[in-house]
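The primary structure of each chain is shown beneath.
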Amino acid sequence: MTHPLSFYHYYKTYNYYQAMNYKFFPHTQEDVKQMLGKCGLKLLDELYKDIPEDLQFKRDYDLPRAMSEIEIRNFFGDLAMDNTPLKCFMGAGVYDHYTPAVVQDIVNRSEFLTSYTPYQAEISQGTLQYIFEYQSMMAELTGMEVSNASMYDGCTATAEAMMMAVSNAKKRNKVLISETVNPFVSRVVLTYAKFHGIDVEFIEQENGVTSRADFEAKVGADDVAGVIVASPNFYGILEDYTGWADFCHEHKTLLIMNCPASALSVIKTPAEWGADIAVGDGQSLGIPMNFGGPYVGYLCTSKKLIRKMPGRIVGATTDADGKRAFVLTLQAREQHIRREKATSNICSNQSLMALFVTVYMSLMGKQGLREVNEIGYSNAHYLADQLMKTGKFEMEYPDKPFLNEFVVKTSLNVDELLSWLNQAYAAGVPIDDDKLLMCATETVSKEDIDDLIDAINQFIEEGEEDKNNE
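Computed from a prediction, not measured in an experiment: that's the story for all the values here.

Observations concerning the state of the cysteines
Simply put, the disulfide is a covalent bond whose two ends are the sulfur atoms of two cysteines. Counted under the stated rule, the structure contains zero disulfides. This cysteine, Cys248, is not joined by any disulfide, and Cys259 carries the nearest cysteine sulfur, 14 Å off. The buried category is assigned to Cys248, whose relative accessible area is 0%.

Given below as structure tokens:
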């Protein structure tokens, strides 16, 4: 959108430039005169009379000279040379996975890249079909019965699930969230809760997992609408939720599980645990980390909760000729119809990212997704073993199973270590003064891990030399 003062500046100099062809400002002087007449004005200046003179932009723009195509490519190429690609050993909810080249190629097609809200079904069949395919794949991945047409990210999807639970419970206004859920997710849940008048309490953790005793004590009070847990949790641990769903349901409480999407191809699904709602981020399905977004959140549930589900739902049907067709369905539950009575006022995310993960899953297939996680599992456990061999690290939760992420405790200065490594590595997320959350996916090799360990050993040796010199 053009800033109104820029618009003003343009028309102040319009007469001088009127002979030129302006692609984005095609109005003639007669057009401007007619528009002003409709407003009851004679001069364009009158539109801006309430803006103080000292705020009006009236000088020439300070813009660099125009460049040719090759000059602009070289310019940005030179800027890119200043970047230092880092081998990534960070996770904490955002994971470095390989994206097959064809995914970006398909997503960049103009019919996908520029399409918008598919309300007009007769001309949006392509968009509606890939959203339907996305929903089908996410339902299969989570084991749940239905999926919506995607959310902004995993954090907002979890917050929306909280609101679903409260809406379903009607007279209950309390939701529990485990301390082992990613704190970035918890913060968004707390923000949503504050402005919707929902009471959120945390379930304590014990040795890196959710306390079963605290869970049962709080749910047993019979005033809880929903419980939010994670698998794998923030520490990378695969928690055992055997019997949790049954206990929740005995006390008329919904069980909500937050899981990174890719991991669901190899671990027990939310449906297998008996969860009522499955949420999480789809970023691990090949979406680049990309400085924090855009990502895609998924939200899947059972049929009985479908009318409480936020966002769009695409359904398959047949047209007047009996041919398969796709439509937006159950719209009576959405905010554009129910207004303030709707459970949620969120819109689906820009479905381009839903297409992204749909193409990724189509290419990878079940076997490909399994292999990605098997390689990540192998690399993460190899990394953990090599860190232990330095003598400066120990596993914070040595008896807990993990997939591709784990916590280590170190006697080294964490800040100094990361500063030493940051020329070549994004080497973990500090979660305490002496603790690092480490991660390895299929994008690093055993050789990359060995190189990281060599760099850490060099840091250790130099530290010891400094102590001896003192």
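Some remarks on the sheet that holds strand β14 (residues 405-410)
Read from one edge to the other, the open sheet built from four strands follows the order β13-β14-β17-β16, with strand pairing classed as antiparallel. Lying at the two open borders of the sheet, with one neighbouring strand each, are β13 (393-395) and β16 (429-432). Geometrically, the sheet is characterised by an average inter-axis angle of 40 degrees between neighbouring strands, direction not taken into account. Pairing geometry for β14 and strand β17 (residues 435-439), over five bridges, is antiparallel. Its bridge partner being in β17, Lys409 is matched across the sheet by Lys435. The sheet strands contacting helix α14 (residues 352-389) are β13, β14 and β17, and the helix crosses β14 at an angle near 10 degrees. This element, helix α15 (residues 414-421), spans β13, β14, β16 and β17 of the sheet and lies at about 35 degrees to β17.

Here's the deal with the sheet that holds strand β3 (residues 174-178)
The mixed open sheet is built from seven strands, whose spatial order is β2-β10-β9-β8-β7-β3-β4. Of all the strands in the sheet, just β2 (146-147) and β4 (199-203) have a single pairing partner and so form its edges. The pairing of β3 with β4 spans five bridges and is parallel. Bridging across to β4, Val175 finds its partner in Val200. In this fold helix α8 (residues 154-169) packs onto β3, β4, β7 (224-230), β8 (254-258), β9 (277-281) and β10 (297-301), with an angle of close to 160 degrees to the strand it touches most, β9.

Describing the pattern of salt bridges
Note on pairing: side chains with opposite charge can pair once their charged atoms come close. In this structure the tally under the stated criterion is 16 salt bridges. Of the charged contacts, one joins Asp214 and Lys218 as a salt bridge, the two residues approaching to 3.0 Å between their closest N and O atoms. In this pair, Asp214 and Lys218 are both assigned in helix α10 (residues 212-219), four residues apart and thus about one turn of the helix distant. Judged by its relative accessible area of 12%, Asp214 falls in the buried class. Two residues, Lys435 and Asp432, come together in a salt bridge whose shortest N-O distance is 3.7 Å.

Focus: the packing of helix α7 (residues 125-142) against α14
Taken N-terminus to C-terminus, the directions of α7 and α14 make an angle of 45 degrees; their axes are 9 Å apart at the nearest point. Here α7 is positioned oblique relative to α14, judged by the angle of their axes. Seen from above, α7 lies across α14 with left-handed handedness. Together, Tyr130, Glu133, Tyr134, Met137, Met138, Glu140 and Leu141 of α7 and Leu352, Ala354, Leu355, Val357, Thr358, Met361, Ser362, Lys366 and Leu369 of α14 make up the contact between the two elements. Residue composition of the contact of α7 with α14, grouped by class: 11 nonpolar, two polar and three charged.

Quick look at the packing of aromatic side chains
In total, this model carries 13 aromatic pairs according to the counting rule given. On the numbers, 5.1 Å between centres and 20 degrees between planes, the contact of Phe57 with Tyr61 is stacked. Judged by its relative accessible area of 21%, Phe57 is partly exposed. Residue classification places Tyr61 among the partly exposed positions, given a relative accessible area of 41%. On the basis of an interplanar angle of 20 degrees and a centroid distance of 4.0 Å, the ring pair of Phe215 and Trp244 is categorised as stacked. Linking Phe215 in helix α10 with Trp244 in helix α11 (residues 244-250), this pair joins segments that are 29 residues apart in sequence. This pair shows no difference in class: Phe215 is buried, exactly as Trp244 is. An aromatic cluster is built from Phe215, Tyr241, Trp244, Phe247 and Trp273, whose rings are joined through pairwise contacts.

Parameters and conventions
Here the residue index of a chain counts from 1 through its sequence in written order. Per-residue local features are limited, in this predicted model, to residues with pLDDT of at least 70; the limit for side-chain atom pairs, both in listing and counting, is 80 or more; totals at the level of whole chains, interfaces and linings are taken over all residues. Note that the side-chain values use all heavy atoms of the structure and ignore hydrogens as well as water. What counts as a disulfide here is a pair of cysteine sulfur atoms lying within 2.5 Å. Throughout, exposure labels follow a simple rule: accessible area from a 1.4 Å probe, protein chains only, divided by the maximum for the residue type, with under 20% read as buried, over 50% as exposed, and the rest as partly exposed. Paired strands, as defined in this entry, are two strands with at least two bridges between them according to DSSP. Helix and strand definitions follow DSSP, with helices as H or I runs of at least four residues and strands as E runs of at least two, each counted in order from the N terminus. For helices, the fitted axis covers only the stretch in contact; all axes are lines through C-alpha atoms, and the angles between them, taken along N-to-C directions, range from 0 to 180 degrees. It only takes one pair of heavy atoms within 4.5 Å for two residues to be counted as in contact. A pair is scored as a salt bridge if a Lys or Arg side-chain nitrogen falls within 4 Å of a carboxyl oxygen belonging to Asp or Glu. Small angles under 35 degrees read as roughly parallel and large ones over 145 as roughly antiparallel, with 65 to 115 read as roughly perpendicular and the rest as oblique. Note on convention: the crossing is left-handed when the near helix lies turned anticlockwise from the far helix by less than a right angle, right-handed when the turn is clockwise. Think of it as three bins: nonpolar holds Ala, Val, Leu, Ile, Met, Phe, Trp, Tyr, Cys and Pro, charged holds Asp, Glu, Lys and Arg, and polar takes everything else, Gly as well. Aromatic rings from Phe, Tyr and Trp, taking only the six-membered ring of Trp, are treated as a pair when their centres fall within 6.5 Å; an angle between ring planes under 30 degrees marks them as stacked, one over 60 as edge-to-face, and anything in between as tilted.

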